[in-house]
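# Chain and residue survey
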Amino acid sequence: MILPQEVLEKAKSELKNWNSTHLSVLEMSHRSPEYLSIHNKLISDLRLLFNIPNSYQVMLMQGGATLQYSAIPLNLLKNNQTAGYIITGKYSQQAFEEAKKFCDPKIIKIDEAPLKNITYLYYVDNEMNEGIQINQFPYCDNQTIVCDMTSSLGSKIINIENYGCIFASLQFNLGIPGLCVVIIKDELIGKSDRIIPSMADYQIMRKNNSIYNTIPCYNVYITGLMIQHLIEIGLEEIQKQQLKKSKFLYDFIDQNQSKFFCNCNDINYRSNISIVFYSKNNINITNLHSSEILIIDKNKIIIQATIHTTIQQLQQICQFLLL
């Protein structure tokens, strides 16, 4: 997780005195008017940034993406219904395994039409560990599309109305660990006939404006600063820069085929965020600076080119990898 310098400086300047209140956000009650102004502005800014229609709810939940693995089938399926899952890596596999507790989920191949008897089709937009991203909208036959955009939300322009539900744990692009944003079509809420734990119940979250319990106020504040920062840049420019960064890294791999090979050879499914490749030789770890951008596991290399990663940082890492 990397935060832009502008956001860090803003948070630093307001740490002890937010908006001339002589209060830190860390000290605020989650029911106070001061905090509620931060909370409601974030939801409003999320709608603005992603052009979210009024027919969709925007909810701030806890439990990360992991809670949504359960919340999705609990909220969207009745007891006699099931769902289809496209498995492309670690996180879609985890979601599939969790769904087994609530239904008999079906595995759908990435390029096949889903079964007609499924209620929703679930996929992960970007698999960080595998470097696989579904850059083309999957085929569906009027099924509700549910998408985990944990590592990609904020990196590109998306049409919200293509989806029934999008969720994203915010530590990659949009904030710090502790929050998960859920964007869901309003008409999908309240259709389940299941008993749902309160912290996973979308009806309860909607009714309470995402403040059913004590919400992590500072996380909301940081995400609010992040969203304001992205609004100033614009999603079109962010997407342009993201493609530029990923092209630089894939060009680096292709130009050094004697040393490296890519995990995903199909360019239609190559991630623009997590570039995963392998070294043909032992990697000299001593030449590499410790960095959250770079993950090395034996000869497997993952470069996390999030929306806050600079091209200069990526150039430096590539130089080290050649030493």
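Basis of the calculations
Residues numbered from 1 in each chain as written. Predicted model: local features only at pLDDT ≥ 70, side-chain atom pairs only at ≥ 80, totals over all residues. Heavy atoms only, no water. UniProt positions renumbered as here; feature names shortened; annotations may be inferred. Core = buried A, V, L, I, M, F, W, Y, C linked by side-chain atoms within 4.5 Å. Buried < 20%, exposed > 50% of the residue type's maximum accessible area, 1.4 Å probe, protein only. Helix = DSSP H or I, 4+ residues; strand = E, 2+ residues; numbered from the N terminus. Contact = heavy atoms within 4.5 Å. Axes fitted to C-alpha atoms, helices over the stretch in contact; angles between N-to-C directions. Parallel < 35°, antiparallel > 145°, perpendicular 65-115°, else oblique. Left-handed = near helix turned anticlockwise from the far one by under 90°. Nonpolar A, V, L, I, M, F, W, Y, C, P; charged D, E, K, R; others polar. Polar contact = N/O pair within 3.5 Å; in protein donor to acceptor, adjacent residues only side chain to side chain. Expected span 1.5 Å × (residues − 1). Arc of directions from axis to C-beta.

With an unreviewed UniProt entry as reference, the protein chain is termed phosphoserine transaminase, source organism Paramecium sonneborni. Quoted verbatim from the Cofactor (unreviewed entry) field of the UniProt record, the comment on the protein chain reads "pyridoxal 5'-phosphate". You can read under Pathway (unreviewed entry) in the UniProt record for the protein chain the words "Amino-acid biosynthesis; L-serine biosynthesis; L-serine from 3-phospho-D-glycerate: step 2/3."

### With respect to the nonpolar core
Membership of the largest hydrophobic core comes to 52 residues, with the highest contact counts inside it found for Phe50, Leu60, Val181 and Tyr221. At 9 residues, helix H6 (residues 217-233) tops the list of elements feeding residues into this core. Once you skip the residues sitting within four places of it in the chain, Tyr221 turns out to touch Lys10, Ala11, Glu14, Trp18, Val25 and Ile38. Grouped together as the second largest cluster of nonpolar side chains are 30 residues, Leu74, Phe167, Tyr202 and Met205 included.

### Some points on unusual backbone geometry
Here Asn51, not a glycine, exhibits a phi torsion of approximately 55 degrees, which is positive. Examined against the element boundaries, Asn51 turns out to sit in the loop between helix H2 (33-50) and strand E1 (56-61). Residues other than glycine seldom take positive phi values, yet Lys298 does so here, at roughly 60 degrees. With respect to the helices and strands, the residue Lys298 is situated in the loop between strand E12 (294-297) and strand E13 (300-304). The exposure class of Lys298 is exposed, given its relative accessible area of 74%.

### Details of the packing of helix H1 (residues 5-14) against H6
For the pair H1 and H6, the least separation of the axes is 10 Å and the interaxial angle reads 135 degrees. When the axes of H1 and H6 are compared, the pair comes out oblique. Crossing angle aside, the handedness with which H1 passes H6 is right-handed. Only Tyr218, Tyr221, Ile222, Leu225, Met226 and His229 of H6 make contact with H1, whose side of the interface consists of Glu6, Val7, Lys10, Ala11 and Glu14. Classifying every residue of the contact of H1 with H6 by side-chain character gives 7 nonpolar, 1 polar and 3 charged.

### As for the side chain of Thr150
Here Thr150 shows up in the loop between strand E7 (144-148) and strand E8 (165-169). A polar contact of 2.7 Å, which involves the side chain of Thr150, links it to the side chain of Asp148. Reaching out from Thr150, the side chain makes a polar contact with the backbone nitrogen of Ser169 at a distance of 3.2 Å. Setting aside its immediate chain neighbours within four residues, Thr150 contacts Ala65, Phe167, Ala168, Ser169 and Phe172.

### Notes on H2
One turn of the α-helix equals 3.6 residues, which is why residues spaced by three or four share an orientation. Here H2 is 18 residues long and its end C-alpha atoms lie 26 Å apart, about the 26 Å a rise of 1.5 Å per residue gives. All of the buried residues in H2 are Tyr35, Ile38, His39, Leu42, Ile43, Asp45, Leu46, Leu49 and Phe50. Mapping the buried residues of H2 onto a view down its axis gives an arc of 165 degrees, with all of them on the same face. Along H2, the residues that are exposed and aim more than 90 degrees away from the buried face are Pro33 and Leu48. Buried residues along H2 sit against E1, strand E9 (180-185), H6 and helix H7 (235-255). Asn51 sits one or two positions beyond H2 and adopts a positive phi of about 55 degrees.

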